[in-house]
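# Structural description and commentary
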Amino acid sequence: QVQLVESGGGLVQAGGSLRLSCAASGRTFSWYYMGWFRQAPGKEREFVAGISWNGRSTNYADSVKGRFTISRDNAKNTVYLQMNSLKPEDTAVYYCAGFESGTPHYWGQGTQVTVSS
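These figures come from a predicted structure and were not determined experimentally. (Residues numbered from 1 in each chain as written. Predicted model: local features only at pLDDT ≥ 70, side-chain atom pairs only at ≥ 80, totals over all residues. Heavy atoms only, no water.)

### A closer look at the overall build of the protein
Across its full length, the protein carries zero helices and eleven strands. Beginning at the N terminus, the succession of helices and strands in the protein can be written as β-β-β-β-β-β-β-β-β-β-β. The C-alpha radius of gyration of the protein comes to 13 Å, within 12% of the 13 Å expected for a compact globule of 117 residues. Over its C-alpha atoms, taken along the principal directions, the protein stretches across nearly 40 × 25 × 20 Å. The buried share among the 117 residues of the protein stands at 42%. Nonlocal contacts in the protein, meaning residues at least 24 apart in sequence, comprise 53% of its contacts between residues at least 6 apart. Put simply, the protein shows about 6000 Å² of open surface, and 48% of that area lies on carbon and sulfur atoms. (Helix = DSSP H or I, 4+ residues; strand = E, 2+ residues; numbered from the N terminus. Rg over C-alpha atoms; globule rule 2.2 N^0.38 Å. Buried < 20%, exposed > 50% of the residue type's maximum accessible area, 1.4 Å probe, protein only. Contact = heavy atoms within 4.5 Å. Areas by Shrake-Rupley, 256 points an atom, 1.4 Å probe, with all protein chains shown as cover.)

See the structure below:
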């Protein structure tokens, strides 16, 4: 079992930056592929970014490529999402997820990101 707690969300103006953190506890964090998802009001939850257990492989949704960067520190059991050049359409609740067998299995409670125009 893995417990995930996100932090770092907030209100920011368009063009600004935020850094989200996801602290993990429980089973060995470094075993897991980790990802960030987001869900805007009235929309389905969507994949944003993912990172392999050793940080050497990352994946991004086309909508955030070049603006967002995912990273992890296994010594601190934490995964990060650096978000730059934020747009109003990035407004959503952001969720951290731990994968098992290629699918998200563990979820955090989410953190709200609001980008004003």
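Moving on from the model shown.
### A look at the nonpolar core
Taken as a class, soluble globular proteins show a tendency for nonpolar side chains to be buried jointly. In terms of nonpolar packing, the biggest core is built from 29 residues, with W36, V79, L81, M83 and Y94 touching the most fellow members. Ranked by residues supplied to this core, first place goes to strand 3 (residues 18-26) with four residues. What Y94 contacts, discounting residues up to four positions off in sequence, is E6, L20, W36, F37, R38, V48, F68, L81, M83, G110, T111 and V113. (Core = buried A, V, L, I, M, F, W, Y, C linked by side-chain atoms within 4.5 Å.)

### Observations concerning the environment of N74
Within the secondary structure, N74 is located in the loop between strand 7 (68-73) and strand 8 (78-83). Placed 13 residues apart in sequence, N74 and A61 show a C-alpha to C-alpha distance of 23 Å. In contact with N74, not counting residues within four places along its chain, are F29, S30 and W53.

### Focus on the state of the cysteines
Tallied over the full model, the rule gives one disulfide. Each disulfide pairs two cysteine sulfurs, and for C22 the partner residue is C96, the sulfurs being separated by 2.1 Å. Between C22 and C96 the sulfur-sulfur dihedral comes to about -80 degrees; the bridge is accordingly left-handed. Taken together, the positions of C22 in strand 3 and C96 in strand 9 (residues 92-100) put the pair 74 residues apart, joining distant regions of the chain. The exposure class assigned to C96 is buried, which follows from its relative accessible area of 0%. (Disulfide = S-S within 2.5 Å.)

### What about the pairing of strand 4 (residues 34-39)?
Among the six residues in strand 4, five count as buried, and that is most of the element. Where strand 4 and strand 5 (residues 46-51) come together, five bridges link them in antiparallel fashion. If you follow F37 over to strand 5, its bridge partner there is F47. Counting the residues in the hairpin turn of strand 4 and strand 5 gives six residues, including G42, whose phi is positive at 75 degrees. Pairing of strand 4 with strand 9, which is carried by six bridges, proceeds in the antiparallel orientation. What sits directly across from M34, in strand 9, is G98. (Pairing = 2+ DSSP bridges.)

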